[in-house]
Amino acid sequence: MLVCIFTGFASGLPLYLLLNLVPAWLKTEGLSLKAIGAFALIQFPYTWKFLWAPLLDRYGILPWLGRRRSWMFVSQLGLLAAIAWLGQVSPVEQLTLVIGLTAAIALLSATQDIALDAFRREILPDDELGLGNAIHVNAYRIAGLVPGSLSLILADHLPWTQVFLVTAAFMLPGLAMTLLVKEPRAAAGTPRTLRDAVVEPFREFFGRHGVRSALLVLAFLFFYKLGDSLCTALATPFYLDMGYSKTEIGVIAKNAGLWPMVIGGILGGIWMLKLGINRALWIFGVVQFVTILGFVWMAWLGPGDSTPARLVVLATVIAGEAVGAGLGTTAFVAFMARATHPAYTATQLALFTSLMAVPRTFINATAGWLVEALGWTHFFWLCFLLAVPGMVLLLKVAPWNGDRAATPAATGA
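Since this is a predicted model, take the numbers as computed values, not measurements.

Our focus in this paragraph is the overall build of the protein chain. Scanning the protein chain for helices and strands turns up 22 helices and zero strands. Computed over C-alpha atoms, the radius of gyration of the protein chain comes to 20 Å, within 12% of the 22 Å expected from 2.2 N^0.38 for 413 residues, which places it in the range of a compact globule. Along the three orthogonal principal directions, the C-alpha set of the protein chain runs to about 60 × 45 × 35 Å. Looking at the protein chain as a whole, 59% of its 413 residues are labelled buried. For the protein chain, the accessible surface area stands at approximately 16,100 Å², while carbon and sulfur atoms represent 70% of it. Between the centroid of the 27 positive side chains of the protein chain and the centroid of its 21 negative side chains there is a distance of 8 Å.

Following both chains from N to C, one finds helix α20 (residues 367-374) and helix α21 (residues 376-386) inclined at 125°, their axes separated by 7 Å at the closest point. Classified by the interaxial angle, the pair formed by α20 and α21 is oblique. For the pair α20 and α21, the crossing hand works out as right-handed. The segment α20 lies against α21, with Ala-367, Leu-370, Val-371 and Leu-374 engaging Trp-376, His-378, Phe-379 and Leu-382. For the contact of α20 with α21, the class distribution of residues is seven nonpolar, one polar and no charged.

For the coordinates displayed, the defined rule picks out 25 aromatic pairs. A centroid spacing of 6.3 Å and a plane angle of 45° characterise the contact between Phe-238 and Phe-295, whose relative ring orientation is tilted. Here the residue Phe-238 occupies a position in helix α14 (residues 235-241), and Phe-295 occupies one in helix α17 (residues 293-301), the gap between them amounting to 57 residues. Residue Phe-238 shares its accessibility class with Phe-295, and that shared class is buried. Plain terms: the ring middles of Trp-376 and Phe-379 are 6.2 Å apart, the flat faces sit at 75° to each other, and that makes the pair edge-to-face. Within this pair, Trp-376 and its partner Phe-379 are both found in helix α21, separated by three residues, close to a single helical turn. Given a relative accessible area of 0%, Phe-379 falls into the buried group.

What follows concerns the nonpolar core. One recurring pattern in soluble globular proteins: nonpolar side chains tend to sit buried together. Core analysis: the biggest nonpolar cluster contains 118 residues, and Leu-86, Phe-220 and Tyr-239 have the highest contact counts within it. At 13 residues, helix α1 (residues 2-28) tops the list of elements feeding residues into this core. Mapping this core onto the domain boundaries places at least three of its residues in each of domain 1 (1-189) and domain 2 (193-398). With residues up to four places along the chain from it excluded, the contact list for Tyr-239 reads Tyr-244, Ile-249, Phe-295, Met-298, Leu-314, Val-317 and Ile-318. Core analysis: the next-biggest nonpolar cluster, separate from the first, contains five residues, Cys-4, Leu-124, Leu-129 and Ala-337 among them.

Let's shift gears to helix α9 (residues 160-169). Among all positions in α9, only Trp-160, Val-163, Phe-164, Thr-167 and Ala-168 are buried. An end-on view of α9 places all buried positions within 135° of arc, on one side of the element. Structurally, α9 contributes buried residues whose contacts are with α1, α5 (67-86), α8 (145-155) and α10 (172-180).

It is worth spelling out the domain arrangement of the protein chain at this point. Here the protein chain is partitioned into domain 1 (1-189) and domain 2 (193-398). The straight-line distance from the C-alpha centre of domain 1 to that of domain 2 is 18 Å. Contacts between the two partners involve 52 residues from domain 1, matched on the other side by 57 residues from domain 2. Each partner contributes to the roughly 4,600 Å² buried at the junction of domain 1 and domain 2, and carbon and sulfur atoms together form 70% of this total.

On inspection of all chains with the given rule, the structure shows three cavities of 30 Å³ or more. Estimates place the volume of the largest cavity at around 880 Å³. Lining the largest cavity are 45 residues, and of these Tyr-16, Leu-19, Tyr-140, Arg-141 and Glu-321 sit closest to its centre. A per-class count over the lining of the largest cavity returns 23 nonpolar, 13 polar and nine charged. For the lining of the largest cavity, the domains that each give at least three residues are domain 1 (1-189) and domain 2 (193-398). Here the second largest cavity defines a volume of roughly 150 Å³. Considering the residues around the second largest cavity, the lining is formed by 16 residues, among which Leu-18, Pro-23, Ile-36, Ala-40 and Gln-43 are closest to the centre.

We now examine α1. Look at α1: 37 Å from first C-alpha to last across 27 residues, which is about the 39 Å you get at 1.5 Å a residue. Helix geometry: α1 is bent most strongly at Leu-17, by close to 40°. Among the 27 residues in α1, 21 count as buried, and that is most of the element.

Our next topic: the environment of Ile-263. Positionally, Ile-263 belongs in helix α15 (residues 246-275). C-alpha of Ile-263 to C-alpha of Val-323: the two residues are 60 residues apart in sequence and 8.9 Å apart in space.

Time to look at the packing of α17 against α21. Contact geometry for α17 and α21: axes closest at 8 Å, N-to-C directions at 170°. As summarised for this structure, α17 and α21 are arranged roughly antiparallel, according to the angle between their axes. On the side of α17, the interface is formed by Leu-293, Phe-295, Val-296, Ala-299 and Trp-300, while α21 contributes Trp-376, Thr-377, Phe-380, Trp-381 and Phe-384.

Conventions we followed
- Residues numbered from 1 in each chain as written.
- Predicted model: local features only at pLDDT ≥ 70, side-chain atom pairs only at ≥ 80, totals over all residues.
- Heavy atoms only, no water.
- Helix = DSSP H or I, 4+ residues; strand = E, 2+ residues; numbered from the N terminus.
- Rg over C-alpha atoms; globule rule 2.2 N^0.38 Å.
- Buried < 20%, exposed > 50% of the residue type's maximum accessible area, 1.4 Å probe, protein only.
- Areas by Shrake-Rupley, 256 points an atom, 1.4 Å probe, with all protein chains shown as cover.
- Lys, Arg positive; Asp, Glu negative; His and termini not counted.
- Charge placed at Lys NZ, Arg CZ, Asp CG, Glu CD.
- Axes fitted to C-alpha atoms, helices over the stretch in contact; angles between N-to-C directions.
- Parallel < 35°, antiparallel > 145°, perpendicular 65-115°, else oblique.
- Left-handed = near helix turned anticlockwise from the far one by under 90°.
- Contact = heavy atoms within 4.5 Å.
- Nonpolar A, V, L, I, M, F, W, Y, C, P; charged D, E, K, R; others polar.
- Phe/Tyr/Trp six-rings, centres within 6.5 Å; stacked < 30°, edge-to-face > 60°.
- Core = buried A, V, L, I, M, F, W, Y, C linked by side-chain atoms within 4.5 Å.
- Domains from an automatic or database assignment.
- Arc of directions from axis to C-beta.
- Buried area = accessible area lost by both parts, 1.4 Å probe.
- 1 Å grid on protein atoms, 1.4 Å probe; cavity = no way out; pocket = protein on both sides within 12 Å on 5 of 7 lines; lining within 4 Å.
- Points joined across faces, edges and corners; volume = space filled by probe spheres on them.
- Expected span 1.5 Å × (residues − 1).
- Bend = angle between axes of the 7 residues up to and from the residue.

Printed below as a string of structure tokens:
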């Protein structure tokens, strides 16, 4: 469980840097909302990582570290360097280089996620998936407070070059974890050929579920986080448009977002041990669904001066999003881990998490256009409606009493 804290922190930091810090940086440097929204396309590696995941299942690159840990180490070292370099360039004068560096961060982060997800799945027994993934997700979101809170506060007092250097240094705990942990036993059995690593994970998944049920599972993976993901795509620019300063956003994100997220996530993970993953998907999904309305409320109130009452509104919205998205993601990640076969962990988890990332990457890229066309209020109502299909699909892929029949072991796989 301690290792899951470090896997979550290392995994979350570069993603939230792309989601929170980079948009705030670009906005303060004068780029338009359309340009900032289009930067979501930089995250395309998260949606295509299943294409190179078989390489991570088949090969190791540093034999002395082992198959999983070698990929973890190389990707983390690359992230440390790329994040530090990003702050040294100007998005106005060197936009091409900024695009290249953010794309490199996304590629390295997606590769790290493949290795970390497989590593975590291989060290957790099935009965600890819920709690282990709850801890991972909470650490993942706590990592988001570095670029989403600390770095924003620092940006009001330090130049961006130093802000990005400080942010990059937070990759060091992940590197230390990689060097100190042992290679999991399950990682010792590699696919015999690259063809086996590419073909067999997909054959096993569709064979276990049947084509129709497998496609429903994949559709669910696409839709479950769609509304929640889209509504937070431009959260920091939205808060800035509502009249809040970067320091206010950072301080409130730290205080109103951290404790509800941590306490709710840990209690959710423990609760999931009793509920089972299916029921948790239903209950936590409803919370995730309803908290989107907080953004509708803030947009309806409109921009204004930072009075104590308005700071309470910001705190309420941030806390609600932290609890809703945190709980929903906790159950969702546990569901994906449970759906994998132990022999093909990296590739199958990469496929599942790629589908999860499609809304965040391609659909979120339209957020700037949608906001300019609809306005903030109607945009958030649209996000609320887009959250409905994922909940409806639960009837088929995760029925209320269907936990026992959902695992590969239970189906004879």
